[in-house]
Amino acid sequence: MPHHIVRLSNGLRVLHVETKAPISHFGVLVDVGTRDEPQQLPGLAHFLEHTIFKGTKKRNAYHVISRMDAVGGDLNASTSKEETYFHTSFLSVEYPRAVELLSDILLHSVFPEKEIEHEKSVVVEEINYYKDSPSELIFDDFESLVFHDHPLGRNILGTRQSVKKIRREDLQLLLHQYYNVHDLMIASVGNISMKRLLKLCERYFGDLDLEQTQKVRTPFTNYCPQTLHVHKHTAQTNVMMGMPAYAITDDKRVPFLMMTNLLGGQGQNTRLNMSVREKYGLAYTIEANYTSFSDTGLFAVYFGCAPQNRDQCIELVRCETDRLRQQRLGTMQLYYAKKQLIGQLALSNEAKLNEMLGMGHAALFFDEVDTMEESVEEILSLTAGDILEVANEILQPDRFTTLIFEHA
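This one's a predicted model, so the numbers in the text were calculated from it and none came from an experiment.

Take helix α3 (residues 95–108) next. The periodicity of an α-helix, 3.6 residues per turn, causes residues three or four places apart in sequence to face the same way. If you check α3, its first and last C-alpha atoms are 19 Å apart, about what 14 residues at 1.5 Å a residue would give, namely 20 Å. Most of α3 is tucked away, with ten of its 14 residues classed as buried. Those residues of α3 not exposed but buried are Y95, A98, V99, E100, L101, L102, S103, D104, I105 and L106.

Written as structure tokens, this is what we have:
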């Protein structure tokens, strides 16, 4: 479907795809995440995402969360290393309610002291939950190991100690510094015309602060591969292996994405799943992931297995990554790798909320969004040589960092 990016009178970007569906999705995406926090307050961006719902100049916390619930809508938010998303899904007739509510939250939150103290306990319990879930915790700890003391290595939730230190003034400063027209983007997929949506956005977001504080993001350098064993009271051994990869702006990102998908993506026929699980029965879950950031990326393989199978699983992962480096894909292998990635992309966009967030994410970095047709064309243009090249550049045996959670 065609999409349009239009700027409001204050410069705020609005991205919209018009549909005829009864359900619509509206969100505000902020180009600010964990890596942009003050060094002494890890977890501040995530804590702001929680507490921004706790009251505005005209609504208390109950009225904020009830505003969309009352009409059967959904209101949610999330924080990542580089972005924070606020979004709502609703019956299309409720567009005015959705736009007004998100503007009220983002422009007029007051961060009541009582709610801040209450939410500190909630976030500490969230931290405790992840610490009790090694298969979840290992992803965060692996990023901290790879990126070490760099801001990309910070845990999104922060620590118990850092969360308890957060003050109302810290939240207000982060909001004032970065929640401005330069770092925000409105994204919408739903049954409303662009003209009417712009009128609503102009009404409710038109006085968003024009001031800009230029973010200074320190590029990640000096990667040092390492292996770390951590003792946990678990029956299963959890392992992550990987290294830095391509940034979101790198032309090699798409071939590397396809290579990762072939190795251990969503399908059950991935090379890792067919080897480690189907052939040898050594793991229930094994997957490969690739995340791209503004200046770097992260490739990782995760699996959980019985302690006695750990070394064999690691060797099988090494065998499969070496095979990608040494053997060029055959014609049919390349054909089906492309078909699979295109199909997965289409299925993902079938969920309109995913489509909205995906388009908004792209627009934050590039100020434009590829159509589905353009994305398919880029995938179809890939060659076996492209896959071989990125595999050899990234998956070098001496570049792997390995984190192992093993039984104490």
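Where burial is concerned, most of strand β3 (residues 23–30) is hidden: seven out of the eight residues are buried. Pairing of β3 with strand β6 (residues 184–190), which is carried by six bridges, proceeds in the antiparallel orientation. When the sheet's bridge partners are listed, H25 is paired in β6 with V189.

For the rest of this paragraph, the subject is the nonpolar core. Among the nonpolar cores identified, the biggest contains 52 residues, and F26, I52, F86, Y179 and F205 are the most heavily contacted of them. Once residues lying within four places of it in the same chain are set aside, the contact partners of Y179 are V30, L48, T84, F86, L106, L174, L184 and L208. Counting 43 residues, the second largest nonpolar core, distinct from the first, contains L262, I314, V317 and I404.

This paragraph deals with a nonpolar patch on the surface. On the surface, I23, L91 and V93 cluster together into a nonpolar patch covering about 280 Å² of accessible area. Within the secondary structure layout, I23 lies in strand β3.

What the five strands build is an open sheet, ordered β7-β11-β8-β10-β9; its pairing is mixed. Each edge of the sheet is formed by a strand with only one pairing partner; in this case those strands are β7 (227–232) and β9 (283–292). Neighbour-to-neighbour, the strand axes of the sheet open up by a mean angle of 15°, direction not taken into account. Of the pairings in the sheet, the one linking strand β8 (residues 237–245) to strand β10 (residues 297–305) comprises nine bridges and is antiparallel in character. Residue pairing across strands places P244 opposite L298, the latter belonging to β10. Packed on one face of the sheet, helix α10 (residues 271–279) meets β9 and β10 and runs near 155° to β9.

Taken as a whole, this structure holds eleven aromatic pairs when the rule is applied. Look at F90 and Y95: their rings are 5.0 Å apart centre to centre, the planes differ by 85°, and that puts the pair in the edge-to-face class. The exposure classification of F90 matches that of Y95, with both residues buried. Consider the rings of Y335 and Y336, whose centres lie 5.0 Å apart with planes at 80°: the pair is edge-to-face.

Conventions adopted
Residues numbered from 1 in each chain as written. Predicted model: local features only at pLDDT ≥ 70, side-chain atom pairs only at ≥ 80, totals over all residues. Heavy atoms only, no water. Helix = DSSP H or I, 4+ residues; strand = E, 2+ residues; numbered from the N terminus. Expected span 1.5 Å × (residues − 1). Buried < 20%, exposed > 50% of the residue type's maximum accessible area, 1.4 Å probe, protein only. Pairing = 2+ DSSP bridges. Core = buried A, V, L, I, M, F, W, Y, C linked by side-chain atoms within 4.5 Å. Contact = heavy atoms within 4.5 Å. Patch = residues over 30% accessible without salt bridge, like charges linked within 9 Å, V, L, I, M, F, W, Y side chains within 5 Å. Areas by Shrake-Rupley, 256 points an atom, 1.4 Å probe, with all protein chains shown as cover. Salt bridge = Lys/Arg side-chain N within 4 Å of Asp/Glu carboxyl O. Axes fitted to C-alpha atoms, helices over the stretch in contact; angles between N-to-C directions. Phe/Tyr/Trp six-rings, centres within 6.5 Å; stacked < 30°, edge-to-face > 60°.

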